[in-house]
Amino acid sequence: MELFKMALKSVLQILPACFLVIFGVKFAESLQEQAFLREPFDQIATVGEHVTLPCRVVNKKGVLQWTRDGFGLGTDRNLTGYNRYKMSGSDEEGDFTLDIQPVDLEDDARFQCQIGAADGVKPIRSRYATLTVLVPPDPPKLMPTGDLLKTVEGRQVELRCESRGGKPASEITWTDDRGLVISEGVRTHQELMEDGKRHKTISILKFPASIEHHDRNFTCQAQNSANRQPASVSTR
């Protein structure tokens, strides 16, 4: 029994030292693993702005590249073939931030920072970062065209306002020459354009012509979150 107690005491004395040794080895091994110190995150930008997607790593062993919607952009910092892209920072700092200037509609995509495998080191990938690109719409167009619309009393008048190219789709508002919003007789709908990203908004204002409409202005305003001031077009 005494021998057992002495053996148990010896084991208990040795265990902390063994734990420290094992922990130290694991910690040292972990220092050799590639890891992200900072990863990219979702952002919203308007066409023409400047965006940076961060990627900072420690113990980089493999080859690093950025991908856009799953396609590799290249491994050199200048990202040859992508004139608006570059990887800023330095290897010494482990900084491989993706610099995009100016932002274009084609940048409306998911980006990821990836580091390949090396001898005894596993590859790693950052979280996906979605870059949402906003596009201001083209100036609205009014049909019939012209500054002056001629009609006769009692006839149905139809004014059509179209705003193209907005992302998100434009909101169209009709106003009279007193600045009052017109809601009666208005029908608005939106269509997705051929590129699958931008929209076309069409708003139709219908009303029976009367003497009170003589020489009055009707204005169509179009705006989305990409432009601060609405664009407008008027007729009377």
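Higher on the page you've got the structure.
Engineer: Which parts of the structure should I look at to understand the side chain of Q112?
Structural biologist: Secondary-structure assignment places Q112 in strand 9 (residues 109-115). Taking relative accessible area as the criterion, Q112 reaches 4% and is therefore assigned buried. Within polar-contact distance, the side chain of Q112 engages the side chain of Q114 at 2.7 Å. Side-chain polar atoms of Q112 contact the backbone oxygen of S126, separated by 2.8 Å.

Engineer: I keep staring at the pairing of strand 11 (residues 129-134) and nothing clicks. Help me out?
Structural biologist: Looking along a regular strand, one sees side chains alternate from face to face of the sheet. Relative to strand 11, strand 2 (residues 43-46) runs parallel, the two being bridged by four bridges. By the bridge assignment, A45 is partnered in strand 11 with V133. The sheet contact formed by strand 9 and strand 11 spans three bridges and is antiparallel. For A109, the partnering residue across the bridge sits in strand 11 and is L131.

Engineer: Can you walk me through the state of the cysteines in this structure?
Structural biologist: Each disulfide is one covalent bond, formed between the sulfur atoms of two cysteines. Per the stated rule, a full pass over the model turns up two disulfides. Between C55 and C113 runs a disulfide, and the two sulfur atoms are separated by 2.1 Å. One disulfide, between C55 and C113, carries an S-S torsion of -65 degrees and so falls in the left-handed class. With C55 in the loop between strand 3 (51-53) and strand 4 (56-58) and C113 in strand 9, the pair connects residues that are 58 residues apart, well separated along the chain. Under the relative-accessibility criterion, C55 is labelled buried at 1%. Accessibility expressed as a relative area gives 0% for C113, which makes it buried. At a sulfur-sulfur separation of 1.8 Å, the disulfide partner of C161 is C220. Taking the sign of the S-S torsion, about -70 degrees here, the bridge from C161 to C220 comes out left-handed. Taken together, the residues C161 in strand 13 (residues 156-166) and C220 in strand 18 (residues 218-223) connect sequence positions 59 residues apart. For C161, a relative accessible area of 0% puts it in the buried group. Here C220 falls in the buried class, since its relative accessible area comes to 0%.

Here is what the cut-offs are and how they apply
Residues numbered from 1 in each chain as written. Predicted model: local features only at pLDDT ≥ 70, side-chain atom pairs only at ≥ 80, totals over all residues. Heavy atoms only, no water. Helix = DSSP H or I, 4+ residues; strand = E, 2+ residues; numbered from the N terminus. Buried < 20%, exposed > 50% of the residue type's maximum accessible area, 1.4 Å probe, protein only. Polar contact = N/O pair within 3.5 Å; in protein donor to acceptor, adjacent residues only side chain to side chain. Pairing = 2+ DSSP bridges. Disulfide = S-S within 2.5 Å.

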